[in-house]
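Observations on chain architecture
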Amino acid sequence: MTQDELKKAVGWAALEYVRPGTIVGVGTGSTAAHFIDALGSIKHQIEGAVSSSDASTAKLQSLGITVFDPNEVDSLDIYVDGADEINRQMQMIKGGGAALTREKIIAAIARQFICIVDASKQVDILGKFPLPVEVIPMARAYVARELVKLGGLPEYRQHVVTDNGNVILDVHNLKIIDAIDLENKINSISGVVTVGLFARRAADVALVGTANGVVKVVK
């Protein structure tokens, strides 16, 4: 199977976790896009969705799915999204699509986080994929200097502005042994909106697309 076929398989497999009459948290990216397609097939069974990006919102609405603002819901039954990396503790690096802040907010609202990935995203140690950090523009240089002190090599993601009007620093050269500690340290830097480490709020279930089918991993 191609990588896209693996992504499609896990996107459709996530429908198993969607309960009728609920509002579904939806992520961003190529794998999440397959889940949105799948969700469209049962759109009359759900109340709607909460979206983590303008792009996902547009796709949901094009399929006739009502999109709610997160402020309109007290909690979500599930949040379904991909990841750039996921380790055995179900901690993730996310933000390759620059939607990390909204993704983190929706993950916090959701009772269950379903991570959908192909097998290439599974790692023993996080950090080979550059760690995205969303930063208020005026703090970009300061934050970059602070990230260097933590052992990283930050690179400004050119020509990218997040849906929140901020910029992204991609941090290379990290070998993340204690993901929760690093998440806390980076989030405490003035000017950081959030870091794409999902360690304090890890995934509850991972659906992994492999050559032998979809494998379910539970935290």
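Refer to the preceding data block for the structure.
Residues numbered from 1 in each chain as written. Predicted model: local features only at pLDDT ≥ 70, side-chain atom pairs only at ≥ 80, totals over all residues. Heavy atoms only, no water.

For the pair helix α1 (residues 3-13) and helix α2 (residues 30-40), the least separation of the axes is 8 Å and the interaxial angle reads 45 degrees. Considered as vectors, α1 and α2 are oriented oblique to each other. Our pair here, α1 against α2, has a crossing hand that is right-handed. Each of Asp-4, Lys-7, Lys-8, Val-10, Gly-11 and Trp-12 in α1 lies in contact with α2, whose residues at this interface are Ser-30, Thr-31, His-34, Phe-35, Asp-37 and Ala-38. Classifying every residue of the contact of α1 with α2 gives four nonpolar, four polar and four charged. (Axes fitted to C-alpha atoms, helices over the stretch in contact; angles between N-to-C directions. Helix = DSSP H or I, 4+ residues; strand = E, 2+ residues; numbered from the N terminus. Parallel < 35°, antiparallel > 145°, perpendicular 65-115°, else oblique. Left-handed = near helix turned anticlockwise from the far one by under 90°. Contact = heavy atoms within 4.5 Å. Nonpolar A, V, L, I, M, F, W, Y, C, P; charged D, E, K, R; others polar.)

Moving on, we come to the environment of Asp-54. Counting through the fold element by element, Asp-54 comes out in helix α3 (residues 54-62). Using a relative accessible area of 44% as the deciding quantity, one classes Asp-54 as partly exposed. A distance of 3.3 Å separates the side chain of Asp-54 from the side chain of Arg-102, its partner in a polar contact. (Buried < 20%, exposed > 50% of the residue type's maximum accessible area, 1.4 Å probe, protein only. Polar contact = N/O pair within 3.5 Å; in protein donor to acceptor, adjacent residues only side chain to side chain.)

This paragraph deals with α1. The complete set of buried residues in α1 reads Leu-6, Lys-7, Val-10 and Gly-11. Looking down the long axis of α1, one finds its buried residues gathered within 135 degrees of arc, a one-sided arrangement. For α1, the secondary structure elements touched by its buried residues are α2, β7 (110-118), β13 (205-210) and β14 (213-218). (Arc of directions from axis to C-beta.)

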